[in-house]
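A look at the structure
Chain residues, written in single-letter form:
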Amino acid sequence: MNTATPAHALAVTLHYAEPPSFSIWEMVLLALLIVLSLVGFFARFDRVLRNIFTARKDPDFHIAPVGRRIWDFFWEVLCQAKVIKERPLPGLAHAFVFWGFLAFALVSLNHFASGFGLGFLDSDGPIGSLIDGFYFWFAAVFALLVAVSIAGLFVRRFFVRPIWLGKKVSYESGVIAFLIFALMVTYLAAFTIPSTSPMARGLWWAHALCILIFLPLIPHTKHLHLVLSPITIFLSRGEFSHIPPLEGDEDFGLVTGKDVTQLVALQAYSCVECGRCSEHCPATNTGKVLNPKEIILGVRGYLNDLGPRSEEPLLGKYNSQEAAFQCTTCGSCEYQCPVGIEHLPIIIGLRRGAVNTGAWEDDHGTKLFLALERNGNALGMSATERDKFIKKQELPIFDGSQEYCLWLGCMGAYDPQGREIIASFAKVMNYLGTSFGVLKKEKCTGDPVRRLGNDLVFQQLAEQNLEIMKQQKVTKIVTICPHCVRTIAKDWKDYGASPEVEHHSEFMARYQDKLPKTNGPEIVYHDPCYLGRYRGSYDQPREVLARSGKVIDPPRARERSFCCGAGGGLAFLGEESGERISHVRAKELAATGASIVGAACPFCNTMFRDALAATSDAPPQLLDIAQITAQSIANATTTPSNGAQNA
Amino acid sequence: MKIIVAIKQVPVRDSNLRIDASGHWIDEDDLSYEINEPDAYALEEALQLKEKHGGEVVALLAGPERGSQTIREALAKGADRAIHIECDDLASLDTLGIANRLAAAIKDEKADLILTGLQSDDLGLGQTGVVLAELLGIPHATIIMQVEAASGSIKVKRELEDGWFQHVEMPLPALLTIQSGISKLRYATLMGIKKAKTKEVRRVSAGDLPQAAAATVTIERVYLPEKKKETQLIDGSPKEAAAKLVEKLKFEVRVI
């Protein structure tokens, strides 16, 4: 076959060659093949659709706000923004293939129409006559880009073989890539011959066959994402790590197939197995069982084998309980996923199913649950210890007259390092002249149990806290813990209206002009998952730190920040298997050479305190942004009397 | 095996206790309550025995309305049903009075085994279980660390002083008072709480039970521990002072 590209053949004389006419036998054959191909496609796709539609309805799904959905569709599907942003080179190649497909939709339609003598794009056709065959040239440009891109992607998958695409080489992907390549080549080749050439007929049929073979392969393979992922992205819940409310007395989370909702099923079938989730997962990267991709494929496998009405447990053959409880809920997977899969509601849903029914047995977990039930704090300490700390630090008690309620959180109230952060932040607030008070009584916000899937304890804690909020007439909360921020701002809402809440980095950033500006040392800032990906606060803590030193980023920063290992209740679940997540991150932070590690979460702080000491002989100093700021204030207020202390 | 577990509701640990106006009991306003800790282990033991040998676990509680919360938790953890003796006068009863009520409420149950906590976290008398066994006319054993059931009898391990244990075999029915911390407690689940809603709670009014004789033991006065600090200065040469200090630590304070 002549595969000369039209790059140098873009001479005016050439045009897209199609056979001038088709015999009746050809038309019959074509019709038969089309029917066969469509039957092949729907035979399988129908089962997928049925599995999605017969799944349980999502109790809290609302189509509104449509604007957000249209934007997501435009940005993530049409612009391919996420695909390109997170993996630029293969992302762009993918985008060209995608855009090529869009451009080719009309060409393909015309292709089959012309097989029945109904072509509309050539210069004699109803549309073609208006644009004088222009569209063929337009599509040809895309054909060229698609051919180059798909060839590149083929080389990547079969020769470069990034580990995230999976250990097993997917031959079906090779077949599909070949079909797409052949589709483009047969199209482009038709520009190099006259319509009267017998080659034109050959190319025409080859092109048609490529499409007809491709179609039934789609629902069999991960190429189903072609059909489903635009819908998945449009219908996604939109909120990061949105945990749906439990509905009625029989809903305990994802226990069996009956609990799988339509969105979960749709997402499971949309997975394209690109491995972005695994690539960024702290558990997968430190040798644990958990691989977010496998969780999604596990759900898909379950649906394929048993369907959404099955009462077989979801955790067992298809997904492991051990894996589900290794998730730090850092949300990298959900953030990265290019096809709109929301991993966290699924992983947390599986945990809910296990914990709410008592199927999860773990000594550390049970200890945590009992501590929260009995003591109301995750550290299992006596509330009198909190009282003593408040007294010792002379923190004012909130009485409704102050502007802010300073929420201590378990770490701020009981953890020695957390207490130092609170003490420092109180100094900053005093310096800024903001009135604040701490609550006499405070329970854990319920973050660890929320993420571990214990709805009973979470509900108790949320309700008790909301009652305190109401009694004390709290309207504005500021806290040092991003986990508390998230839980108060989003998760409490299931049980009542919660007050406005802000992280101390956001608070300090608003007053940054009033904070002393010094040229301090290099500070490497670690984005906490719950402040960054969960809340989008990337700049505020950096702005605050920039007042006290030179902020530098570790290799993985902002949206790509690597978890400290504490989230999702894992701080309380004892020793990890494999390498410690905190060690991996601590090494990365120390390797930047900065003299200070700036943290903005008391959990990150406690993880790195041990990890930095364990992985480095001369570890950088570890400080919360409040401690760094308080130190700058202390330096600034003493300097007038004793000269240039802060060089 | 039918097992009855007698549980008590006590103020949560670390409560800020105040003495009430009468001076005979604590002020119960603003207090939160929870299951008495040794009773939680008694319940756990009962649930484990049921899981091993089948049967039924019945929770038994005497106390005011707020006790129903603790009953619900026991049902949520796996008890099959409950008996709530409703009474507001627990503080005025002595051990015999309470045991009398418990015995009267369960005399028709014909339980194979009755478990209680070793003692209560509020009064700490450690007698209720023993007296209950006497009233029911069944054998009992105290400070139980381990229970193994065979047909018609059980083998138990008792904790003695100084790291010693006693292994006893006893016939059924029997009553055991369970030591705290002998096993791992289970956590209550949402499913358990939902199921608990449909489980039977038999409410018995204290007035319907035979009245016990007047209390033979009454509380004279309840008071908070007085905080005092005593400082003694030991004089003499360092050698003499050290010798005196060691003597005091050994025989007065008894810490070495």
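All figures in this text were calculated on a predicted structure; none of them were measured in a lab. (Residues numbered from 1 in each chain as written. Chains lettered and ligands numbered in written order. Predicted model: local features only at pLDDT ≥ 70, side-chain atom pairs only at ≥ 80, totals over all residues. Heavy atoms only, no water.)

Quick look at the overall build of chain B now. The number of helices and strands found in chain B is six helices and 11 strands. Of the contacts formed within chain B by residues at least 6 apart in sequence, a portion of 67% connects residues at least 24 apart. If you sum the accessible surface of chain B, you get close to 14,300 Å²; carbon and sulfur atoms cover 51% of it. In chain B, which carries 33 positive and 40 negative side-chain charges, the distance between the mean positions of the two groups comes to 4 Å. (Helix = DSSP H or I, 4+ residues; strand = E, 2+ residues; numbered from the N terminus. Contact = heavy atoms within 4.5 Å. Areas by Shrake-Rupley, 256 points an atom, 1.4 Å probe, with all protein chains shown as cover. Lys, Arg positive; Asp, Glu negative; His and termini not counted. Charge placed at Lys NZ, Arg CZ, Asp CG, Glu CD.)

Looking now at the overall build of chain A. Of regular secondary structure, chain A possesses 27 helices and eight strands. Each principal axis of the C-alpha atoms in chain A carries an extent, and together these give about 95 × 60 × 45 Å. Here chain A holds 647 residues, and 58% of them are scored as buried. Element-wise, carbon and sulfur atoms account for 61% of the exposed surface of chain A, whose accessible area totals about 26,700 Å². Computed over 61 positive and 62 negative side-chain charges, the inter-centroid distance for chain A is 2 Å. (Buried < 20%, exposed > 50% of the residue type's maximum accessible area, 1.4 Å probe, protein only.)

In this structure, Pro65 of chain A follows Ala64 of chain A across a cis peptide bond, with omega equal to -5 degrees. One can find Pro65 of chain A in the loop between helix H1 (24–53) and helix H2 (66–78). A cis geometry characterises the amide bond from Leu172 of chain B onward to Pro173 of chain B, with omega recorded as -5 degrees. Topologically, Pro173 of chain B is positioned in the loop between strand S9 (165–171) and strand S10 (174–178). Even without being a glycine, Arg161 of chain A presents a positive backbone phi close to 50 degrees. Counting through the fold element by element, Arg161 of chain A comes out in the loop between helix H6 (134–160) and helix H7 (171–189). Assessed through its relative accessible area of 42%, Arg161 of chain A is described here as partly exposed. Even without glycine at this site, Lys110 of chain B takes up a positive phi of about 50 degrees.

A few words now on the domain arrangement of chain A. Accessible area lost upon the coming together of the parts is a frequently used measure of interface size. Domain parsing of chain A yields domain 1 (6–234), domain 2 (244–356), domain 3 (381–508) and domain 4 (512–638). Taking the mean C-alpha position of each, domain 1 of chain A and domain 3 of chain A sit 54 Å from one another. (Domains from an automatic or database assignment.)

It is worth spelling out the packing of helix H12 (residues 292–306) of chain A against helix H15 (residues 343–356) of chain A at this point. The relative placement of two packed helices is expressed as an angle between their axes plus a distance between the axes. Residue and element names in this part refer to chain A. Running from N to C, H12 and H15 cross one another at 75 degrees; their axes reach a closest spacing of 11 Å. As judged from the angle between their axes, H12 and H15 are roughly perpendicular. Residues Pro292, Ile295, Ile296 and Val299 of H12 pack against His343, Ile346, Ile347 and Leu350 of H15. Residue composition of the contact of H12 with H15, by class: seven nonpolar, one polar and no charged. (Axes fitted to C-alpha atoms, helices over the stretch in contact; angles between N-to-C directions. Parallel < 35°, antiparallel > 145°, perpendicular 65-115°, else oblique. Nonpolar A, V, L, I, M, F, W, Y, C, P; charged D, E, K, R; others polar.)

In this section: H6 of chain A. Between the first and last C-alpha of H6 of chain A there are 38 Å, a value that for 27 residues agrees with the 39 Å anticipated at 1.5 Å per step. With its phi angle positive at about 50 degrees, Arg161 of chain A sits one or two positions after the end of H6 of chain A. (Expected span 1.5 Å × (residues − 1).)

Residues and elements named next belong to chain B. Across the seven residues of strand S8 (residues 153–159), five count as buried, placing the element largely inside the fold. The pairing of strand S7 (residues 140–150) with S8 spans six bridges and is classified as antiparallel. By the bridge assignment for S8, Ala150 is matched with Ser153. From the end of S7 to the start of S8, which pair antiparallel, there are two residues, and Gly152 there has a positive phi angle of about 80 degrees. In this sheet, S9 lies alongside S8 in antiparallel orientation, the contact comprising seven bridges. Note that in S9 the partner of Ile154 across the bridge is Met170. (Pairing = 2+ DSSP bridges.)

Residues and elements named next belong to chain A. In spatial order, the strands read S2-S1-S3-S4; together these four strands make up an open sheet with parallel pairing. What marks the edges here is a single partner per strand, and that holds for strand S2 (436–437) and strand S4 (500–503). With four bridges joining them, strand S3 (residues 476–479) and S4 adopt parallel strand pairing. Residue Thr479 lies in a different strand from S4, and its bridge partner there is His503. The sheet contacts of helix H19 (residues 416–432) involve strand S1 (404–407), S2 and S3, and relative to S1 the element is tilted by about 165 degrees. Along the sheet, helix H22 (residues 482–489) makes contact with S1, S3 and S4, crossing S4 at roughly 160 degrees.

All names here are of chain B. For strand S1 (residues 2–7), the tally of buried residues reaches five of six residues, placing the bulk of the element in the interior. As judged from the six bridges shared by S1 and strand S4 (residues 56–63), these two strands associate in the parallel manner. Its bridge partner lying in S4, Ile3 is registered against Val57. As judged from the four bridges shared by S1 and strand S6 (residues 113–117), these two strands associate in the parallel manner. Across the sheet, the residue bridging to Val5 is Leu115, located in S6.

The biggest cluster of nonpolar side chains holds 144 residues, and the ones touching the most others in it are Tyr187 and Trp360 of chain A. Looking at which element gives the most residues to this core, the answer is H7 of chain A, with 10 residues. Excluding residues within four positions of it along the chain, Trp360 of chain A makes contact with Gln321, Phe325, Ala354, Val355, Gly365, Phe369, Leu452 and Leu573 of chain A together with Tyr187 of chain B. Counting residues in each nonpolar core, the second largest holds 40 residues, with Phe252 of chain A together with Val5, Ile71 and Ala174 of chain B among its members. (Core = buried A, V, L, I, M, F, W, Y, C linked by side-chain atoms within 4.5 Å.)

Before going further, it helps to examine the interface of chain A and chain B. On the side of chain B, 17 residues touch chain A, which itself brings 24 residues to the contact. Summed over both partners, the interface of chain A with chain B buries about 1,700 Å², with 55% contributed by carbon and sulfur atoms. Looking at the side of chain A facing chain B, the largest losses of area belong to Phe252, Arg374 and Leu456 of chain A, adding up to 36% of the total buried there. The interface formed by chain A and chain B includes five salt bridges. One salt bridge connects Asp249 of chain A with Lys197 of chain B, and the closest N-O pair in it is separated by 4.0 Å. In this structure, the connection of chain A to chain B is made through five residue pairs in polar contact (both at pLDDT 80 or more). The set of elements that each furnish at least two residues to the side of chain A that touches chain B consists of H15, helix H16 (363–374), helix H17 (383–392) and helix H21 (455–472) of chain A. Here the side of chain A that touches chain B is built from residues that sort into nine nonpolar, nine polar and six charged. (Buried area = accessible area lost by both parts, 1.4 Å probe. Salt bridge = Lys/Arg side-chain N within 4 Å of Asp/Glu carboxyl O. Polar contact = N/O pair within 3.5 Å; in protein donor to acceptor, adjacent residues only side chain to side chain.)

Residues and elements named next belong to chain A. Inspection of the secondary structure puts Ile422 in helix H19. On the basis of relative accessible area, Ile422 is assigned to the buried category, the value being 0%. Separated by 315 residues in sequence, Ile422 and Val107 place their C-alpha atoms 65 Å apart. Those residues in contact with Ile422 that lie beyond four places of it in its chain are Phe389, Leu395, Leu406, Trp407, Leu408, Gly412 and Ile480.

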